[in-house]
Every structure is written in structure tokens, then in C-alpha cells.
Amino acid sequence: MSALRRKFGDDYQVVTTSSSGSGLQPQGPGQGPQQQLVPKKKRQRFVDKNGRCNVQHGNLGSETSRYLSDLFTTLVDLKWRWNLFIFILTYTVAWLFMASMWWVIAYTRGDLNKAHVGNYTPCVANVYNFPSAFLFFIETEATIGYGYRYITDKCPEGIILFLFQSILGSIVDAFLIGCMFIKMSQPKKRAETLMFSEHAVISMRDGKLTLMFRVGNLRNSHMVSAQIRCKLLKSRQTPEGEFLPLDQLELDVGFSTGADQLFLVSPLTICHVIDAKSPFYDLSQRSMQSEQFEIVVILEGIVETTEELLQVQRCIKDFTRSTLV
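Going by what an unreviewed UniProt entry lists, the protein chain is known as G protein-activated inward rectifier potassium channel 1 and is assigned to Balaenoptera acutorostrata. Taken from UniProt, the Catalytic activity (unreviewed entry) comment for the protein chain reads in full: "K(+)(in) = K(+)(out)".

Asker: What is the right way to read the overall build of the protein chain from this model?
Answerer: Each helix and strand counted, the protein chain has eight helices and eleven strands in total. When burial is assessed residue by residue, the protein chain has 30% of its 325 residues classed as buried. Long-range pairs, those at least 24 residues apart, make up 60% of the contacts in the protein chain with a sequence separation of at least 6. For the protein chain, the accessible surface area stands at approximately 21200 Å², while carbon and sulfur atoms represent 57% of it.

Asker: In this structure, what is going on with helix α7 (residues 156-184)? I would like to understand it.
Answerer: Residues that lie three or four places apart on an α-helix share one face, since the helix turns once every 3.6 residues. An ideal rise of 1.5 Å per residue puts 42 Å on 29 residues; α7 measures up with 42 Å between its terminal C-alpha atoms. Every buried residue belonging to α7 is among G158, L161, Q165, G169, V172, L176, C179, M180 and K183, and all of these are buried. Residues of α7 that are buried make contact with α3 (71-77), α4 (80-109) and α6 (130-141).

Asker: It is not clear to me how the environment of V104 should be interpreted in this structure. Could you clarify?
Answerer: Residue placement: V104 occurs in helix α4. Placed 26 residues apart in sequence, V104 and F130 show a C-alpha to C-alpha distance of 9.1 Å.

Asker: What exactly am I supposed to notice about the side chain of R190 here?
Answerer: Relative to the elements of secondary structure, R190 occurs in the loop between α7 and β3 (194-196). Buried charge R190 goes without a salt bridge, the closest partner of opposite sign being E304 at 7.2 Å. Reaching out from R190, the side chain makes a polar contact with the side chain of T193 at a distance of 2.6 Å.

Asker: Looking at this model, I keep getting lost on unusual backbone geometry. Mind explaining?
Answerer: Residues other than glycine predominantly adopt negative phi, and peptide bonds predominantly adopt the trans conformation. Positive phi, normally seen in glycine, also occurs at N126, with a value near 65°. Turning to its location among the elements, N126 is positioned in the loop between α5 (111-114) and α6. Despite not being glycine, T143 shows a phi value in the positive range, around 50°. For T143, a relative accessible area of 70% translates into the label exposed.

Asker: Just checking my understanding: could you explain the packing of aromatic side chains for this structure?
Answerer: Any aromatic ring pair is given by two values, namely how distant the centres are and how the planes are angled relative to each other. By the definition in use, this model includes seven aromatic pairs. Judged by centre distance (6.2 Å) and plane angle (90°), the rings of W82 and F85 are edge-to-face. Residue W82 and its partner F85 are located together in helix α4, separated by three residues, close to a single helical turn. Each ring, one from F280 and one from F293, has its centre 5.6 Å from the other, and the planes form 45°; the classification is tilted. A residue pair is termed long-range when its members are at least 10 positions apart, and F280 in the loop between β9 (268-273) and α8 (285-290) and F293 in strand β10 (residues 293-303) qualify at 13 residues. Each member of the pair, F280 as well as F293, carries the same accessibility label: buried. Three or more aromatic residues joined by ring pairs form one cluster here, namely F87, Y91 and W95. A cation over a ring is seen here: K183 above W80, with NZ or CZ 5.5 Å from the ring centre.

Asker: Explain the pattern of salt bridges to me, please; I cannot follow it from the model alone.
Answerer: Opposite charge on two side chains lets them pair, provided their charged atoms get close. One pass over the structure, following the stated rule, counts six salt bridges. With its nearest N and O atoms 3.5 Å apart, the salt bridge here joins E157 to R109. Linking E157 in helix α7 with R109 in helix α4, this pair joins segments that are 48 residues apart in sequence.

Asker: Explain the nonpolar core here, please?
Answerer: A general tendency of soluble globular proteins is for nonpolar side chains to be buried together. Counting 29 residues, the largest nonpolar core has I228, F280 and L299 as the members making the most contacts within it. Excluding anything up to four places from it in sequence, I228 contacts F213, V215, V253, F255, D260, L262, I270, V297, I298 and L299. Among the nonpolar cores identified, the runner-up in size contains 13 residues, and W102, V127, F137 and C155 belong to it.

Asker: Whenever I open this one, the UniProt feature "transmembrane region" (unreviewed entry) in the protein chain confuses me. Can you help?
Answerer: Mapped onto the present numbering, the UniProt feature "transmembrane region" (unreviewed entry) falls at residues 84-105 and 159-182. Between the end C-alpha atoms of residues 84-105 the distance is 32 Å, and the span holds 100% helix and 0% strand. Between the C-alpha atoms that bound residues 159-182 there is a distance of 34 Å. The span itself is 100% helix and 0% strand.

Procedures and definitions
Residues numbered from 1 in each chain as written. Predicted model: local features only at pLDDT ≥ 70, side-chain atom pairs only at ≥ 80, totals over all residues. Heavy atoms only, no water. UniProt positions renumbered as here; feature names shortened; annotations may be inferred. Helix = DSSP H or I, 4+ residues; strand = E, 2+ residues; numbered from the N terminus. Buried < 20%, exposed > 50% of the residue type's maximum accessible area, 1.4 Å probe, protein only. Contact = heavy atoms within 4.5 Å. Areas by Shrake-Rupley, 256 points an atom, 1.4 Å probe, with all protein chains shown as cover. Expected span 1.5 Å × (residues − 1). Lys, Arg positive; Asp, Glu negative; His and termini not counted. Salt bridge = Lys/Arg side-chain N within 4 Å of Asp/Glu carboxyl O. Polar contact = N/O pair within 3.5 Å; in protein donor to acceptor, adjacent residues only side chain to side chain. Phe/Tyr/Trp six-rings, centres within 6.5 Å; stacked < 30°, edge-to-face > 60°. Lys NZ or Arg CZ within 6 Å of the ring centre and 35° of its normal. Core = buried A, V, L, I, M, F, W, Y, C linked by side-chain atoms within 4.5 Å.

So this is what it looks like as C-alpha cells:
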């Protein structure tokens, strides 16, 4: 069994089955139970190794209206493909709507039929059909102004529509372009260059039993005011009988000594001393590997290049077995 585990790792478990596939049938000479390797059923994490939180809300009531009430943040949180789709769709609908309004004015005034009359002054010069009305709107909205199509002073409804178009265009531009700018400037991708160790290590350091892991910054730009925190997520039951499915406990990684304030110019080792105040104090080596809990590391700091606050969370529940003491 130990040889199988060394070969395939801890993602598989060894089960014993009979060679005939049924425990009721007799076995011949030399046909003892056989061992098979079956993949373990992986437990769903609260926080994945990449920092993604596996939380789904349900039975909240009027959830859609709550998201729509904060429409700007909802658009920023959407994936890029949906952002681009909404961006293109909104501009297309707005352009077609405003071009239709200019065409309706020209149609109701009879400009489409009298545009070539020499002494007739239309609402918008040189607008003969819907494509020409669409081109006039685009030239006006984008402030291109070729000079061939222009609004005249004989059309008060056109002047009112022009003012409405200017206000609506400014609102749409501010909303959509601002949304795209904020989404592009988010420091989420900066977290990809902050590296965490794959496993936590428990060993002796300075004469004390210590849980340790490493964190490093791949970029030359610094993380200003970088600070690290650790949370222990574990279910527990209170003395009153209340069950807390995801109780959060703080792990001391140097609050009193200032060791939680990091200067990430090189990889650093973060230490949590397992003393009488530590939640791991009463756990043995076997229970540390079998207990259902997660250690979530939260690194916060200001990105030097953009001066934006960045928060990165990673899960390091797995322990290196060879270094457990």
C-alpha cells in the first residue's frame, strides 16, 4: 500500500475487492483479495487555491432588483465578453434610435420629398433618407462635422432634439466609457505576480513549533504598505449548542511584533507560532491532516504603479507531510 501511495500520491485511496467481483463467490487457490486504486472524492473548498471564493447566495428575495439598483458595479463585475456585448449593443441601439428621430422629423415636415427644391429650407440640409439621417447623427455625435449636412434655424423641433441628443450622448459616454476604464484599471491581474507557497510547513523554528509558508513578489514594482493576515475557517459548536458552519478565527502572524507588515523585495517566510493561544495547540499530526478546515491568507497593499488598493486571498490548507513533527 505504501508503494502505491508513493507512486500515485494522496489523491487516490486504496480499496480491497475480491478477484471475482463478488464477495459471495468462492475464490480459488492463490486468489486473495485484490487492491484497487480509486480517486478520492475531493472536498469542495470554501476558497480555492487560486483565491476564488465558492459562495453562492440563495433564497434572498428580489436579488435581481438589488443588482440593478447598483448597475454600475454590476457592469464592472461582469466578464469582459458581456461588457463588450453591452457596450456595443447600447451604442448601436442609441445610434439607431437617434437617427430614427431625425428621420421622423424630416418625414413629418416633408423634407424627404422637397429636399431637391431650390427655394425650400429643410430642417436638416441634405437629408434624403434614413442612411443620410444616420450619417448626420454620427457626424454630430462624434463632432466630425463634414459641413455637407447641417441643421437650419427653421426647425425648432430639430434644435430641441439636438439638445436632447447632446445630453443623452454625454450620459451614455460617461457611463459606458467610465465602466470600461475602471474595469481595465482594476488590479486583479496584479495578483498573478504575487506567489504563495503550495503547501504550509510545520516545524521547529527558534525553539518553537511554527506553521510557516512563503510569499513573494515577481515584479520589480513594490507593494506599498503590504500587510498579511491569516484566517482559520472551521466549523464549530458553541457551548449553547449553536452550530457555526464557517467560523473565522484569526491566526497571529506577528501583529504584536509588526511582522505582519511586509517589505516584499524578496520572498518572505510568514510564521505562526503554535502556542497555547493558537487554535492548533490541541491538534496532533494526524488530526492536522484529517480535520476539515481551511487556512486563508489575505495579502493587502497598494500597487505602486497605479496607487490602487489590492487584496489577494489564497488557501494553503495542505501541509507537507514530511516536515510535520
